[in-house]
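Remarks on the overall topology
One letter stands for each residue in the lines below.
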Amino acid sequence: MAYATLADDLREFHHPKTWVGKYVWSQDHKVIAVQYMATAIGTGLIALVLSDLFRLQIGFPGSLSFMTPERYYQFITMHGMIMVIYLLTALFLGGFGNYLIPLMLGARDMVFPFVNMMSYWFFLLAVLVLVASFFVPGGPTGAGWTLYPPQAILPGAPGRDLGIILMLASLAIFIIAFTMGGLNYVVTVLQARTRGMTLMRMPLSIWGIFVATILALLAFPALFVAAVMMMLDRILGTSFFMPALVSMGQQLGYNGGSPILFQHLFWFFGHPEVYIVALPAFGIVSDLLSVHARKNIFGYRMMVWAIVIIGGLSFIVWAHHMYVSGMNPYFGFFFATSTLIIAVPTAIKVYNWVLTLWKGSIHFTVPMLFAIGFIFTFINGGLTGLFLGNVSVDVPLSGTYFVVAHFHMVMGVSPILVVFGALYHWYPKITGKMWNETLGKLHFWLTFVGTYLIYFPMHYLGFLGMPRRYYEYGQSALVPHSAHMLNAFITVVALAVGVSQLIFFYNMIWSYFYGPKAESNPWRAASLEWQTPETPPAHGNWGPKLPTVYRWAYDYSVPGAPDDFIPQNVPADGLSRHHQT
Amino acid sequence: MGIIRQLTEKPWLVTDRGIVEDIDESAFPSAAPTGLWVYFAVATVMFSLIAAAYLMRMGVGHPGEGLDWRPTPKPPLLWVNTAILLLSSIAFQWTRAAARRGEMDRVAIGLLTAGLFAFAFLVGQLTVWWRLADAGYFLTTNPANSFFYLITTLHGLHLLGGLVAWSRTTAKLWNGFEPAEVSLSVDLCAIYWHFLFLVWLAFFYLMLST
């Protein structure tokens, strides 16, 4: 659109002149990507601090004077919601999606740059509405991140007055924002690929982001409908989800609504959401492993098909989150079966990652360390998923720390490790500077070992039957002394891991100003984003002519080639680049 | 190229596949239609989930008192509104054909007619609301009413969004944009109108049959 009347010299056309036009009201996908990343990470920092605060309450009850039971529930609720939606979803799709899609596909920008800009500003509005709920009377909602009615909107639930309204409003705004962005990502992948960039030549990062975007576009409407209906129940007194009930001695005006209906809508969104976060991580980690092992990805086509199959299956497993809500045993059987089937394409991906490393020339760079760390945490979290996917095993473990351990491993730590790996990997391209490697490695080891020490012991707490979400355990035979000690240990490690993230921020910010200038292709990678004429890429990305693609993004260590990598825009004769880019 | 063939090609081979030298690298004429169809998928999921919630909520009641669902009456005006929305859709289709032939005078008439019918539909829906409320069928009186108001609101908001696109198309025509560009806008509006008519038809059928 922006280039509809593109003249020969790109520079004459549509380049913002002012600082505000360039960095604030920007329609450049790279600026929007950085805006998305900064906002998402900033919001994520709030969630990180919240988690350390409530961990203090769990490990050392009563150590924080302001930590009332209400605050505790508000903190765990906001921690979960922010991490899943405002950090991970926004960062992978709004951040990396925006940055990588046009650059990896050889496009100048997204196809609807204005809509793309609006997407970011709506996202920022959603974040502001969410954060505002900390400052309203009664504070943010403490209903748990699943916001189950009826308790979410009943008197007695923390933040019932305004917090829940702001939360639902923020979610609705976020979904509108995402839909604008998501339309862009999908249509750009479908329409704006450069010459020669067939679907099967796209790097796996793009496949992961593309399929995750489709999932999000089809899953978020469920959350939107649920949020709107719950808002009506809360403000206008309809009875979509609210059954007839007596609250604090008073018969409320609700009648006949179905809380289970909300659960179905919520998890129809909630389960694909897991893969909305996981698929971009799968894609990106495939690229990191291949580049830093100097080897083509093992089973590229299988990897693509697995992403697509996992995406499809993720829509028919949602009720495995509801085994204890009560359902027809045949449904339970169906959902357990479909859940376990997902393990097949997922296992294919894990094998292919390992086989990519097999006999590769593994460089233990910082992004590679994070990528290998991901394989460990993901296998760990995935295996416990097999436990929880079975109804009979899930029922006793449901609501215990085993579940907390499982989902933090599989969709907390694993995607975050990929996020870090990806940030280290593409930082030189985004900023044109290089970070400090020693600090990066220190950050990796503290984060990887630290998170393992946090979440691995939680499996044992879960087997002991220790329930999650409790404000205080007190003295009971159910929770032995050793479990209390383990809890205190986890809290100490969590604080250390939280503080150690400062190393990352210091490294990123310091390097931006004082770091050495980065080469345009420091990892000697073959995919297109590293072949831009300028680093960081200028507005329009490619100079006067778009690149032409002749091969896939994984030509590493090709026998007979002069270099150990061949960029995608090098033609078959191999010696000269078709376009000097 | 079929999707299966695309997804089974061997990416590790170095070929000139997919390289068209004279593509226009700056314009994506089919981007907007593709975006619209993707949006239809999003909206279809949303409306389908509301329909699913509608059917599920019908079957839930207050323990011991049976089902609490009492169908909302369907005033005859709803049939009139349906006919008006159909006329709006037909007017758009007629405009679309005129735009393709480049008959800009007819496009102007067609756009105006389609827009007026759309406004008339919205006024008609508001009248239905007003009559139902007058007769005591409020939002919270019964879940059937809640769904009726929710569905008509969401559908109406989508039509309002369409009217924003309609006004921009009209402005393009007024400001003498290229016929091809006007034609594309009219095309997109017409497809969107047909989609909203089908959505309304589906919900009207759902409400009549339950």
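1. Here we look at the overall build of chain B
- Scanning chain B for helices and strands turns up six helices and two strands.
- The C-alpha radius of gyration computed for chain B amounts to 22 Å, which surpasses the reference 17 Å derived for 210 residues by more than 25%, pointing to a less compact arrangement than a globule.
- With respect to the three principal axes, the spread of C-alpha positions in chain B is 70 × 50 × 20 Å.

2. Quick word on the overall build of chain A
- When helices and strands are counted, chain A shows 14 helices and two strands.
- By the compact-globule yardstick of 25 Å for 581 residues, chain A fits well, its C-alpha radius of gyration being 24 Å.
- Across the 581 residues in chain A, those meeting the buried criterion constitute 55%.
- For chain A, the proportion of contacts with a sequence separation of at least 24, taken over those separated by at least 6, is 80%.

3. Topic: the interface of chain B and chain A
- Opposite the 39 residues of chain B that make contact, chain A presents 46 residues.
- Contributions of two or more residues to the side of chain B that touches chain A are made by α1 (3–8), α2 (31–58), β1 (61–62) and α5 (143–174) of chain B.
- Considering every element that reaches the side of chain B that touches chain A, the biggest residue donor is α2 of chain B, with 14 residues.
- Residue composition of the side of chain B that touches chain A, by class: 23 nonpolar, 10 polar and six charged.

4. Examining the confidence of the model for chain B
- The predicted model of chain B has a mean per-residue pLDDT of 91, with 93% of residues at 70 or higher.
- Both scores are available for the predicted complex, with the pTM at 0.94 and the ipTM at 0.94.

5. Considering unusual backbone geometry
All names here are of chain A.
- Between P149 and P150 the backbone carries a cis peptide bond, its omega angle lying at 0°.
- Cis geometry marks the peptide bond from T535 to P536; its omega dihedral reads -10°.
- Its identity as a non-glycine residue notwithstanding, R524 has a phi of 50°, on the positive side.
- Note on placement: R524 falls in the segment after α14 (481–514).

6. Things to note about the environment of L453 of chain A
All names here are of chain A.
- Within the secondary structure, L453 is located in helix α13 (residues 437–463).
- Look at L453 and you get partly exposed, because 16 C-beta atoms sit within 10 Å.
- Distance in space between the C-alpha atoms of L453 and V493 is 7.0 Å, their sequence separation being 40 residues.

7. As for helix α12 (residues 401–431) of chain A
- H408 of chain A marks the point of greatest bend in α12 of chain A, at about 45°.
- Counting buried residues in α12 of chain A gives 26 out of 31 residues, a clear majority hidden from the surface.

8. Some words on the confidence of the model for chain A
Residues and elements named next belong to chain A.
- Per-chain confidence: chain A averages 93 in pLDDT, with 96% of residues scoring 70 or above.
- Contacts from residues 1–13, a stretch scored under 50 in pLDDT, to residues over four places away or in other chains number 18 contacts.
- Scored below 50 in pLDDT, residues 576–581 makes 16 contacts in the model with residues more than four places away or belonging to other chains.

9. Quick notes on the packing of helix α3 (residues 69–105) of chain A against α12 of chain A
Residue and element names in this part refer to chain A.
- Running from amino to carboxyl end, α3 crosses α12 at an angle of 30°, the nearest separation of the two axes being 12 Å. When the axis of α3 is compared with that of α12, the two are roughly parallel. Crossing of α3 against α12: the hand is left-handed. Where α3 abuts α12, its residues M83, L88, L91, F96 and Y99 lie against G412, P415, V419, A422, W426 and I430.
- Looking at side-chain class alone, the contact of α3 with α12 contains 10 nonpolar, one polar and no charged residues.

10. Examining the environment of I85 of chain A
Residues and elements named next belong to chain A.
- Examined against the element boundaries, I85 turns out to sit in helix α3.
- Judged by local crowding, I85 falls into the buried class, with 25 C-beta atoms found within 10 Å.
- Residues I85 and I276, 191 residues apart in the sequence, show an inter-C-alpha distance of 9.9 Å.

11. Describing the environment of S63 of chain A
- Tracing the backbone through its elements, the reader meets S63 of chain A in the loop between α2 (29–59) and α3.
- Remark: the alpha-carbon pair of S63 of chain A and I454 of chain A, spanning 391 residues in sequence, is separated by 20 Å.

12. Quick notes on the packing of helix α6 (residues 204–235) of chain A against helix α7 (residues 259–292) of chain A
Residue and element names in this part refer to chain A.
- For the pair α6 and α7, interaxial distance at closest approach is 8 Å and the crossing angle is 160°. Comparing their axes, α7 and α6 come out roughly antiparallel. When the axes of α6 and α7 are compared, the crossing they make is left-handed.
- For the contact of α6 with α7, a count of residues per class yields 27 nonpolar, four polar and two charged.

Criteria and cut-off values
- Residues numbered from 1 in each chain as written.
- Chains lettered and ligands numbered in written order.
- Predicted model: local features only at pLDDT ≥ 70, side-chain atom pairs only at ≥ 80, totals over all residues.
- Helix = DSSP H or I, 4+ residues; strand = E, 2+ residues; numbered from the N terminus.
- Rg over C-alpha atoms; globule rule 2.2 N^0.38 Å.
- Buried ≥ 20, exposed ≤ 12 C-beta atoms within 10 Å, placed from the backbone.
- Contact = placed C-beta atoms within 7 Å.
- Nonpolar A, V, L, I, M, F, W, Y, C, P; charged D, E, K, R; others polar.
- pLDDT = per-residue confidence, 0-100.
- Bend = angle between axes of the 7 residues up to and from the residue.
- Axes fitted to C-alpha atoms, helices over the stretch in contact; angles between N-to-C directions.
- Parallel < 35°, antiparallel > 145°, perpendicular 65-115°, else oblique.
- Left-handed = near helix turned anticlockwise from the far one by under 90°.

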